[in-house]
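# Examining the three-dimensional arrangement
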Amino acid sequence: MLKNKPTKTIVSNKSFSFFEIFSFYWIVLAILFLILALLDLFKKPILVGGIIIISALPYLLFKKKIISLSKFTEKERSTFFAIIVFCLILSFFITPTIFGGRDEGSFSNAAILLSNDGGLTHKNPLAKTLHELYGTGKALNFPGFNYIESGELKSQFLPGYTAWLGALFGLGKLTALKFANLFPLITLLFSFYLISQRIINNKFATYSTILFATASPLIILNKFTLTEIFFAALTWFSLYLLLRYLENKRCLSDYWLIFLPLSLTIFVRIEAIAIIFMLFLILLLFDFNNLKKAQHQLPFFLLGLLVLLAISFNPNFFAENVKNIAKNLAPFITEKIHQSNQESSASVSSPFPNGDWTDFYLAKVLFNYHLLIWFLLTAIALFYLVRKKQWTTLIPFLFFAPTLIYLLDANISLDHPWMLRRFIFSLIPLSVLYGIFLLNKIKNKKLSLAIILIILFANLWQALPFAFKSQNKNLFTNLNEITREFSNNDLVLVSQKSTGSGWLLLSEPIRNIYKIPSVYFFRPSDLNVLSSNYTNVYLLVHPSELDLFKEIPKQSIKELDLINQTIPPSRNPLEKPQWQTLHTKLILYKLN
């Protein structure tokens, strides 16, 4: 137990930087959007009204002199400005990930439905029909959704990020979705910079931020509507607030503000529960005297209530995640469970016979993305810090320690760069932080700088080709041409690989954006039930899948040549990420 000197508590800290106000602003907005979604009050007039009220709060707080603006140093000001420009440039080269088949498309389409329907459950005639066939549970024809007992659709995921995306779509349609990760990415990078300042120093904090910002997994994954960037912003901002509070442990408002971003994380990713537990342990070690007080315990009680609320809202999400973690860790526990895991592996896409980290797969992937050196340096840095008993410097590591489980198993499909989403919100930034910390300890600064420049050059060489191109931009344009063939009284059935990729289903945007009845179609026997009540029934299919539908009477209407640029996932750990141009023939049939 570390010694904790008693301090006199100050109720409120009046001084906040522009960065802190900016981050609190969008986080409070995100919390508002979540509350409106949970209450089925997700309507544009209410959203606009809420934004106006929250936008007025900083002005009123300044006017009443409840808060004041603290000044940046010149270095902090220039760094913050550079980060804003950097994030804006990245956002302009993004095409919204509206195509179904993988998580990014599921989040975007859940957000679009939330904006359209005003709530988190969605009525759809096709869903009602298919629910009668398949029953309550996973909606295979609507990737990323479940059928609830009433036959309505509900997202498989927690609603925190969906509500954020839904508000952007409701206010600015698809154009706004291009900037879904803009505010979170700014908060993430500058929080990382400020934490690096405290852990290392000003000069090397700049180096660590540049190296993290130019890591190709961050550049690539920022193009997707995935929870990781959003979650990373919330957790790293909370970590920054924690370090700021622990500098004097006197201000109660600073203490409570640590929990504001964490309250939202509970509705974003399951790792939030473990991180909150680690926060409790950190405060137990570093702020024990204050933690004994009721006003310091109350935030944890309130977060506990939020966890119960999140579980009650979507128990399937938590049950499935716990089940998957148990399944993936089973081989380390008993042989019996291992055999059970192998029996179920047929339903799980895996490039390996045993479905785990065989043949140093993770190490090869990290090497491929110029990350392995940071993990090795971090291991040495942690040993050094423990030996020197520099416990305060270990706080970021302790905060994110539960995510080390992903070094044993990513609990996700092992194709990259997709699998690195499990590392981007904690392990990658942590490894850069502690790697730079160790380099700063080297007496020969020229050697340290040489290593940093070499890795920076490698980062830029790999990341720049992805920074200034948009995925699926051409496919997005083709979609307008495809939908001209249909009316709102038609039914459009879409095969899995109609675009040449099973991760880019056309059915979701056709149905949710263009309001044309459409569904992912993979079982021909469902046709008789689905086709009633529609003027015409069409099938969009890739030539390679024609055998699946050979028994269905159909008439060829049109052939379309699709050209699309995408970043294909790879299961070869040493294959470099790259752009791939897909030339696909899409055949449109009218079913008789």
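Before going into details, it helps to say that this report is about the structure given with it. The shown structure was predicted, so the numbers you read here are calculated from the model rather than taken from an experiment. (Residues numbered from 1 in each chain as written. Predicted model: local features only at pLDDT ≥ 70, side-chain atom pairs only at ≥ 80, totals over all residues. Heavy atoms only, no water.)

## Some remarks on the sheet that holds strand 5 (residues 145–147)
Whether parallel or antiparallel, the strands of a sheet pair through hydrogen bonds between backbone atoms. Keep this limit in mind: Any two strands are treated as partners once DSSP identifies two or more bridges connecting them. The secondary structure listing takes helices from DSSP runs of H or I that are at least 4 residues long and strands from runs of E that are at least 2 residues long, numbered from the N terminus.
Strand order in the open sheet formed by four strands is 3-6-5-4, with antiparallel pairing between adjacent strands. What marks the edges here is a single partner per strand, and that holds for strand 3 (121–122) and strand 4 (137–138). Summarising the sheet, strand 5 and strand 6 (residues 153–155) pair through three bridges and their orientation is antiparallel. In the sheet register, F145 faces strand 6, and the bridge partner there is S155.

## Section: a nonpolar patch on the surface
What counts, and what does not: Patch membership is restricted to residues that have no salt bridge and whose relative accessible area is over 30%. Joining uses 9 Å for like charges and 5 Å for the nonpolar side chains Val, Leu, Ile, Met, Phe, Trp and Tyr. To be clear on the numbers: accessible area is Shrake-Rupley with a 1.4 Å probe, and residue cover counts the displayed protein chains and nothing else. Each reported salt bridge corresponds to a side-chain nitrogen of Lys or Arg within 4 Å of a carboxyl oxygen of Asp or Glu.
Among the surface-exposed residues, F81, V85, L88, I89, F92, F93, L460, L464 and F468 lie close enough to one another that they form a single nonpolar patch of about 780 Å² accessible area. Of all elements in the fold, only helix 3 (74–92) and helix 23 (445–467) reach the threshold of two or more residues within the nonpolar patch. The element contributing the most residues to the nonpolar patch is helix 3, with five residues. Structurally, the position occupied by F81 is in helix 3.

## Some remarks on the nonpolar core
Using the following cut-off: Side-chain atoms within 4.5 Å link the members of a nonpolar core, which is a set of buried Ala, Val, Leu, Ile, Met, Phe, Trp, Tyr and Cys residues. Exposure classes here rest on a 1.4 Å probe applied to the protein chains alone. A residue is buried below 20% of its type maximum, exposed above 50%, and partly exposed in between. We call two residues contacting when some pair of their heavy atoms lies within 4.5 Å.
Counting 170 residues, the largest nonpolar core has W236, L242, L283, F423, L506 and L540 as its most contacted members. At 15 residues, the largest contribution of residues to this core is made by helix 10 (residues 227–246). Not counting residues up to four positions away in its chain, the partners in contact with L283 are L242, Y245, L246, Y255, F259, F288, L291 and F300. Formed by 25 residues, the second largest nonpolar core is a distinct cluster that contains L126, L130, L527 and I587.

## Some points on helix 5 (residues 125–134)
Applied cut-off: This arc describes the spread of directions from the helix axis toward the C-beta atoms.
Within the sequence span of helix 5, burial applies to L126, A127, L130 and H131. Projected onto a plane normal to the axis of helix 5, the buried residues spread over an arc of 130° and lie on a single side. Turned more than 90 degrees off the buried face of helix 5, the exposed positions are P125 and E132.

## A look at the packing of aromatic side chains
Centre-to-centre distance and the angle between the planes together describe a pair of aromatic rings. Threshold: Here a Phe, Tyr or Trp ring, Trp counted by its six-membered ring, pairs with any other such ring whose centre lies within 6.5 Å, and the pair is stacked when the planes are under 30 degrees apart, edge-to-face when over 60, and tilted otherwise. As a reminder, the over-ring test applies to NZ of lysine and CZ of arginine, requiring each to be within 6 Å of the ring centre and within 35 degrees of the ring normal.
Per the counting criterion, the structure on display carries 41 aromatic pairs. On the basis of an interplanar angle of 85° and a centroid distance of 6.3 Å, the ring pair of F142 and Y147 is categorised as edge-to-face. According to the relative accessible area criterion, F142 is buried, its value standing at 0%. Of note, R102 hangs over the ring of W503, and the distance from its end group to the ring centre comes to 4.1 Å. R421 extends its terminal NZ or CZ atom over the ring of W418, reaching a point 4.6 Å from the ring centre.

## Some thoughts on the sheet that holds strand 8 (residues 518–520)
As a reminder of what qualifies: Lines fitted to C-alpha atoms define the axes here, with helix axes fitted over just the stretch in contact, and angles between the N-to-C directions of these axes take values from 0 to 180 degrees.
Overall, mixed pairing links the five strands, which are arranged 8-7-9-11-10 in an open sheet. Of all strands in the sheet, those with a lone pairing partner are strand 8 and strand 10 (554–566), marking the two edges. Here the strands of the sheet are splayed against their neighbours by 20° on average, with no regard to which way each runs. Across four bridges, the pairing between strand 7 (residues 491–494) and strand 9 (residues 537–541) is parallel. Looking at strand 9, one finds that V492 is bridged to Y538. On top of the sheet, helix 24 (residues 473–483) reaches strand 9, strand 10 and strand 11 (580–591); it is set at about 155° to strand 10, its chief contact.

## Focus: the side chain of T393
With respect to the helices, strands and loops of the structure, T393 is situated in the loop between helix 19 (372–388) and helix 20 (395–399). When neighbours within four sequence positions are excluded, T393 is seen to be in contact with I199, L385, Y434 and F437.

## Some points on the environment of R102
To keep it simple, the criterion reads: Two N or O atoms count as a polar contact when they lie within 3.5 Å, although within protein this holds only if one can serve as hydrogen donor and the other as acceptor, and sequence-adjacent residues are included solely when both atoms are side-chain atoms.
One can find R102 in the loop between helix 3 and helix 4 (103–117). With 401 residues separating them along the chain, R102 and W503 place their C-alpha atoms 5.5 Å apart. The contact partners of R102, leaving out residues within four places of it in the chain, are S413, D415, W418, W503 and P569. Here the side chain of R102 touches D415 through a polar contact of 3.0 Å, side chain to side chain.

## With respect to the pattern of salt bridges
Scanning the entire structure with this criterion turns up 13 salt bridges. One salt bridge connects R244 with E20, and the closest N-O pair in it is separated by 2.9 Å. Here R244 is found in helix 10, whereas its partner E20 is found in helix 1 (residues 18–38), with 224 residues between them in sequence. Members of the salt-bridge network, linked through shared partners, are D103, E228, R269, E271, R421 and R422.

## Some words on a positive patch on the surface
Stated precisely, the cut-off is as follows: For this count, His and the chain ends are skipped, Lys and Arg are scored as positive, and Asp and Glu as negative. One atom stands in for each charge, and that atom is NZ of Lys, CZ of Arg, CG of Asp or CD of Glu.
Taken together, the side chains of K75, K203, R387, K388, K441 and K445 define a basic patch exposed on the protein surface. With respect to the element layout, K388 can be found in helix 19.

## So, the packing of helix 7 (residues 182–199) against helix 10
Filter applied, for reference: Crossings are classed by handedness, with left-handed meaning an anticlockwise turn of the near helix from the far one by less than a right angle and right-handed meaning a clockwise turn. Here the nonpolar group is Ala, Val, Leu, Ile, Met, Phe, Trp, Tyr, Cys and Pro; Asp, Glu, Lys and Arg are the charged ones; every other residue, Gly included, is treated as polar.
At their nearest, the axes of helix 7 and helix 10 sit 8 Å apart, and the two run at 35° to each other. Relative to helix 10, the crossing made by helix 7 is left-handed. Contacts from P184, L185, T187, L188, S191, F192, L194, I195 and R198 of helix 7 reach helix 10 at I229, F230, A232, A233, W236, F237, L239, Y240, L243 and R244. Here the contact of helix 7 with helix 10 is built from residues that sort into 15 nonpolar, two polar and two charged.

## So, unusual backbone geometry
Put simply, H416 and P417 share a cis peptide bond, and its omega is 5°. Considering the arrangement of structural elements, one finds P417 in the loop between helix 20 and helix 21 (421–424). Its identity as a non-glycine residue notwithstanding, K173 has a phi of 55°, on the positive side. Looking at K173, the relative accessible area reads 46%, which means it is partly exposed. Of note in this structure, K515 is not a glycine but carries a positive phi near 60°. The class for K515 is partly exposed, based on a relative accessible area of 47%.

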